[in-house]
Amino acid sequence: MLDIKLIRENTEEVRAALLKRMDDVDLDGIIALDEKRRGLVERIDTSRAQRNELAKKIGKLRAQKQDSAELEAEAAALRDAITEAEQGLASAEAELRQRMDELPNMPDDRVPAGGKEANQVVRTWGEKPQLPEGAPDHVALCTKLGLVDYERGVKLGGNGSWIYTGMGAAMEWALLNFFNQEHFADGYTFMLPPHMLLDECGYTAGQFPKFRDDVYHLAVEEGERERFLLPTAETAILNVYRDELIPFEKLPIKAFAYTPCYRREAGSHRSEERGTIRGHQFNKVEMFQFVPPELAEQAFEELVGKTERLVQKLGLHYRTTLLAAKDASASMRMTNDIEVWLPSLGIYKEVSSVSWAGEYQARRASIRFKRAPKGKSEYVHTLNGSGLATSRLFPAIIEQHQQPDGSVRVPEPLQKWLGVEVLKP
RNA sequence: GGAGCAGUGGCCGAGUGGUCGAAGGCAGCGGUUUUGAAAACCGCCGUACGGUUAACGCUGUACCGGGGGUUCGAAUCCCUCCUGCUCCGCCA
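Rules behind the numbers
- Residues numbered from 1 in each chain as written.
- Chains lettered and ligands numbered in written order.
- Predicted model: local features only at pLDDT ≥ 70, side-chain atom pairs only at ≥ 80, totals over all residues.
- Pairing = 2+ DSSP bridges.
- Helix = DSSP H or I, 4+ residues; strand = E, 2+ residues; numbered from the N terminus.
- Axes fitted to C-alpha atoms, helices over the stretch in contact; angles between N-to-C directions.
- Domains from an automatic or database assignment.
- Contact = placed C-beta atoms within 7 Å.
- Buried ≥ 20, exposed ≤ 12 C-beta atoms within 10 Å, placed from the backbone.
- Near = placed C-beta within 6 Å.
- Nonpolar A, V, L, I, M, F, W, Y, C, P; charged D, E, K, R; others polar.

Caption draft 1: Local environment of the sheet that holds strand β7 (residues 244-247). If you walk across this open sheet you meet the 3 strands as β7-β13-β14, and the pairing is mixed. At either end of the open sheet lies a strand with only one pairing partner, and these are β7 and β14 (377-379). Taken pair by pair, the neighbouring strands of this sheet meet at an average axis angle of 40°, ignoring direction. Where β7 lies against strand β13 (residues 367-370), 4 bridges are found, and the strand directions are parallel. When the bridges of β13 are listed, L245 appears paired with R368.

See below:
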């Protein structure tokens, strides 16, 4: 959510920023609603002051056993007027809230306007491996090496499901261990949150109402609270501090979590996305930071740096891109994707998205801090990044590290968990 | 799943219809005293939104788990939800 004061006072600046990711921005309607809201609040406050005054007088009269009928009638009329004004206020607030919720975050100055085509490559690391013509793809390799059982996975979970088996499961687990170990060493707090979250978590993270259809909702009994399976641990970690005032000295808070991510991915299957490239459930370690505004830029660089280092240690060729305004998610001020090279597809695939939400998420979730006990409370900045998602990394490892004899070199950091340097059929 | 109890300021805890934003204590902050410290004593000590001010402030409203209701007036009465605790049952 944006700051209504900013919209009110710097309307054109906000409009210009939003036009980078929206075709049409209606701020005037919002400003008018806000004016209406504030007018009603003022009226209600003064009426309440009068009512409180009357109630006090009535109390005194009654204590002295004097007649108060006239004042009571006056107060009753006032009460009815207040109730009516309150209803008007409630509906104005609800509409304003809805309009505000629909506004995306303002992109950073550096973020290019437009969609995917405007994304900018900021860095490339390593080189494309030289593979012979007709080299097998990850699906063929994983099947041959017995790392992933795609067919039986579908038998169990339907399309978009697979089973890591044998050394494949061991390597998946090793990747997660590797990430956890790195983040732990960097002083991040490890969290294992629930995977089933209450709907309000989805609202504060900005997934609902817009992406309601993209997540799995649990069937609930009459009167039971709605829950969904988290599509990313970001949703969980952000909500950990929802409605809290964080002591300044606890900032920055750096956390990471491992969870599977559950996504419907309705209608987005393409033939090139065979295997584990896009599934309904995949494993991810998510990094998250809550910081005061002045540390946000630095935190963003830290998260991007950490992510890149993980991919580097795995010896994979990748590139880092700055997402254009329409390609990044609406809550974010700036996003870098880390994309790993997949030889068989001839494209770079996202394995991590590092984002800086500014105070947009914190405002929605009401996560604040205070520099001094008497000071004004401010919203924290939130940042998140995958570190990393495995379902695309795995194919990249298999393909980039394949050898002419059909075996696959195990990246050095994973060897201690797998106990071997090479995966052979 | 059944039965009962509870949720008050950073913490503990009083308050069962009016003068309660809420006694008292602890912690914290400032001061007096002291060679210094402790103790003692005095004062301050919640949040949000709005008005006013150059500013210190002053001021209005709301908030006693959340939401709704009754009433001229609600921390206090009623409904509902959430959370926690105790007991019984069931299950991994």
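After that view of the structure, there is still more to cover.
Caption draft 2: Just the domain arrangement of chain A, in detail. Parsing chain A into structural domains produces domain 1 (4-102) and domain 2 (116-423). Placing a centre on the C-alpha atoms of domain 1 and another on those of domain 2 gives a separation of 43 Å.

Caption draft 3: Seen up close, the sheet that holds strand β10 (residues 318-322). On the basis of which strands lie adjacent, the open sheet formed by 8 strands has the order β1-β10-β11-β12-β15-β9-β8-β4 and mixed pairing. Since the sheet does not close on itself, it has two edges, and those belong to β1 (120-125) and β4 (189-191), each with one partner. Taking each pair of neighbouring strands and ignoring which way they run, the sheet shows an average axis angle of 25°. Seen against the sheet, helix α7 (residues 167-185) touches β4, β8 (253-262), β9 (281-291) and β15 (381-389) and runs at an angle of roughly 5° to β9.

Caption draft 4: Structural detail: unusual backbone geometry. The omega angle of the peptide bond from L251 to P252 is -5°, so this bond is cis rather than trans. Structurally, P252 is set in the loop between β7 and β8. Of the consecutive residues G387 and L388, the connecting peptide bond is found in the cis state with omega at 5°. Tracing the sequence through the fold places L388 in strand β15.

Caption draft 5: Region of the structure containing helix α12 (residues 393-400). Most of α12 sits out of view: 8 of its 8 residues are buried. Along α12, the residues that are buried comprise L393, F394, P395, A396, I397, I398, E399 and Q400. Looking at the buried residues of α12, the elements they touch are α5 (138-145), α7, β11 (334-342), β12 (347-358), β15 and β16 (408-409).

Caption draft 6: Structural detail: the protein's contact with RNA strand B. Taken together, 20 residues lie near RNA strand B, and A49, A55, I58, G59 and A75 sit nearest. Elements supplying a minimum of two residues to the surface near RNA strand B: α3 (28-63) and α4 (69-102). Tallied by class, the residues present in the surface near RNA strand B amount to 8 nonpolar, 4 polar and 8 charged.

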